[in-house]
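Reading the structure
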Amino acid sequence: MCLNAIALISGGLDSALAAKIISRQGINVTGVTFLTPFMRPEVGGLAKNIGIDIRLIDISLEYLDLIRNPRFGFGKNLNPCIDCHIFMLRMTKDLMGDYNARFIISGEVLGQRPMSQNRAALKRIEQESGLEGLLLRPLSARLLSSTVPEREGWVERSRLFGFSGRSRKPQMELAERLGLSGFTQPAGGCLLTNPSAFY
Ligand code: SF4
């Protein structure tokens, strides 16, 4: 029996890799890319390369509300990364019924961003999005508590990864091994992370 999951796809390296890793374990993965005024990636080529369909959803209006007063504050610039993750994951959770999805895949990496990807923030994001146990982060899974998909044997934990920190080198090497291309080059995030974008 083929199980379904939804992967958040930003257009960057990490989320594409996360989707590919789980797709290679025989899970039927559908991607979802949220479009905001600050991030509108072109993901057609990436979808082909990963071998999944990607649905585009424009959340610009709702997103403008979110950045006015983010509950968990801003990062170094105008980026409300924790609220942003929670918001997108809640929206993805609402799509699970449409796709009969058992869990959600995210490309977050432990320690990659000091505010939004430390251990406590990852836990908070999982709890606040209502996805306890159902949010799989394949790139760092072996450093995190096991999730339902791992415990149920839907995916093999031993074939997941234990990446952490800011270096993208291990991810670049893995992408090369898996023949993954078409992602945007690793940078700092969306336009909201760019200190000169609004001056
Ligand atoms: S960098 Fe931008 S898109 Fe990414 S989590 Fe932060 S606010 Fe959201």
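Anything mentioned here points back to the structure above.
This one's a predicted model, so the numbers in the text were calculated from it and none came from an experiment.

Definitions and limits used
- Residues numbered from 1 in each chain as written.
- Predicted model: local features only at pLDDT ≥ 70, side-chain atom pairs only at ≥ 80, totals over all residues.
- Heavy atoms only, no water.
- Near = heavy atom within 4 Å.
- Helix = DSSP H or I, 4+ residues; strand = E, 2+ residues; numbered from the N terminus.
- Nonpolar A, V, L, I, M, F, W, Y, C, P; charged D, E, K, R; others polar.
- Contact = heavy atoms within 4.5 Å.
- Salt bridge = Lys/Arg side-chain N within 4 Å of Asp/Glu carboxyl O.
- Buried < 20%, exposed > 50% of the residue type's maximum accessible area, 1.4 Å probe, protein only.
- Phe/Tyr/Trp six-rings, centres within 6.5 Å; stacked < 30°, edge-to-face > 60°.
- Pairing = 2+ DSSP bridges.
- Right-handed = clockwise from strand over helix to strand, strands pointing away.

1. Focus: the site of the ligand
- Near the ligand, the surroundings consist of Met39, Tyr63, Pro80, Cys81, Cys84, His85, Gly189, Cys190 and Thr193.
- If you tally residues by element for the shell around the ligand, the top one is helix H4 (residues 81–99), at three residues.
- Taken together, the residues that form the shell around the ligand break down as six nonpolar, three polar and no charged.

2. Here's the deal with the side chain of Ser116
- Summarising the element assignment, Ser116 is placed in the loop between strand S4 (101–105) and helix H5 (119–128).
- Sequence-distant contacts of Ser116, defined by excluding residues within four places in its chain, comprise Cys81, Ile82, Ala121, Leu122 and Ile125.

3. Quick word on the pattern of salt bridges
- Per the stated rule, a full pass over the model turns up 11 salt bridges.
- We note a salt bridge from Glu150 to Arg157, for which the minimum N-O separation is 2.6 Å.
- A residue is classified by how much of its surface remains accessible, and Arg157, at 28% relative accessible area, is partly exposed.
- Between Glu156 and Arg159 there is a salt bridge, and its shortest N-O distance comes to 3.6 Å.

4. Quick notes on the packing of aromatic side chains
- Applying the stated criterion to the full structure yields three aromatic pairs.
- Geometrically, the ring pair formed by Phe38 and Tyr63 is tilted, given 6.2 Å between the ring centres and 50 degrees between the ring planes. Here Tyr63 lies in helix H3 (residues 60–68) and Phe38 lies in the loop between strand S2 (28–35) and helix H2 (44–50), a separation of 25 residues in the sequence.
- The class for Phe38 is buried, based on a relative accessible area of 15%.

5. With respect to the environment of Ser145
- For Ser145, the position within the fold is in the loop between strand S5 (135–136) and helix H6 (148–151).
- On a C-alpha basis, the gap between Ser145 and Lys123 in space is 9.7 Å, while along the polypeptide they are 22 residues apart.
- Ignoring sequence-local partners within four residues, the contact set of Ser145 consists of Glu150 and Arg157.

6. Notes on the pairing of strand S1 (residues 4–8)
- In terms of burial, S1 is a largely internal element, five of the five residues being buried.
- Here S1 pairs with S2 via five bridges, running parallel. Following the sheet pairing, Leu8 is matched in S2 by Val32.
- Regarding the hand of the β-α-β motif, the stretch spanning S1, helix H1 (residues 13–23) and S2 is right-handed.
- Bridging between S1 and S4 involves four bridges; their strand directions are parallel.

7. With respect to the sheet that holds S4
- Spatially, five strands are ordered S3-S2-S1-S4-S5 in an open sheet, and the strand pairing comes out parallel. In this open sheet, the two edge strands, each paired with only one partner strand, are strand S3 (53–58) and S5.
- As judged from the six bridges shared by S2 and S3, these two strands associate in the parallel manner. By the bridge assignment for S3, Leu35 is matched with Asp58.

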